[in-house]
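# Survey of secondary and tertiary structure
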Amino acid sequence: PHMRNALELRDGGCVFPGCSRPPGWAEAHHTVHWAQGGSTSLDNAALLCSRHHHGVHSDKHEITMGADGRPVVTLNRRRL
């Protein structure tokens, strides 16, 4: 619950560009999947609504952490 609270405070809801879904509609996403060695930590997580969470996986958009410690989504424009 502490990590979820921290994600909600930091991200404020879905971090996908142009999305305004609030934190209650968002799911935690590992930026580097745990199966690939990604940790379950604030530095490796971002909030995404269900639509964008599935889209990040299927369209292979990239989420990295910016210099300010906040998630940045880079869209895979080849698929758009």
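One structure accompanies this document, and this report is about it.

This brings us to the side chain of His53. Mapped onto the fold, His53 is located in helix 2 (residues 50-59). If sequence neighbours within four positions are ignored, His53 has contacts with Glu27, Ala28, His29 and Leu48.

Now for helix 1 (residues 2-11). For helix 1, the complete set of buried residues consists of Leu7, Arg10 and Asp11. What you see down the axis of helix 1 is that its buried residues fit within an arc of 80 degrees, all on one side. Every exposed residue of helix 1 that faces more than 90 degrees away from the buried side is listed here: His2 and Leu9. In this structure, the buried residues of helix 1 make contact with strand 1 (26-30), strand 2 (45-49), strand 3 (62-65) and strand 4 (71-74).

So, about helix 2. Taken as a whole, helix 2 has its buried residues at His52, His53, Gly55 and Val56. One side of helix 2 carries all its buried residues, which in axial view fall inside an arc of 165 degrees. Seen from the open side of helix 2, the exposed residues pointing more than 90 degrees away from its buried face are Arg51 and His54. For helix 2, the elements touching its buried residues are strand 1, strand 2 and strand 3. Directly beyond the C-terminal end of helix 2, a positive phi value near 60 degrees is found at Lys60.

Cys14, Val15, Phe16, Cys19, Ala46, Leu48, Cys49, Val56, Ile63 and Val73 form the largest nonpolar core, which has 10 residues in total. Considering every element that reaches this core, the biggest residue donor is strand 2, with 3 residues.

What counts and what doesn't
Residues numbered from 1 in each chain as written. Predicted model: local features only at pLDDT ≥ 70, side-chain atom pairs only at ≥ 80, totals over all residues. Heavy atoms only, no water. Helix = DSSP H or I, 4+ residues; strand = E, 2+ residues; numbered from the N terminus. Contact = heavy atoms within 4.5 Å. Buried < 20%, exposed > 50% of the residue type's maximum accessible area, 1.4 Å probe, protein only. Arc of directions from axis to C-beta. Core = buried A, V, L, I, M, F, W, Y, C linked by side-chain atoms within 4.5 Å.

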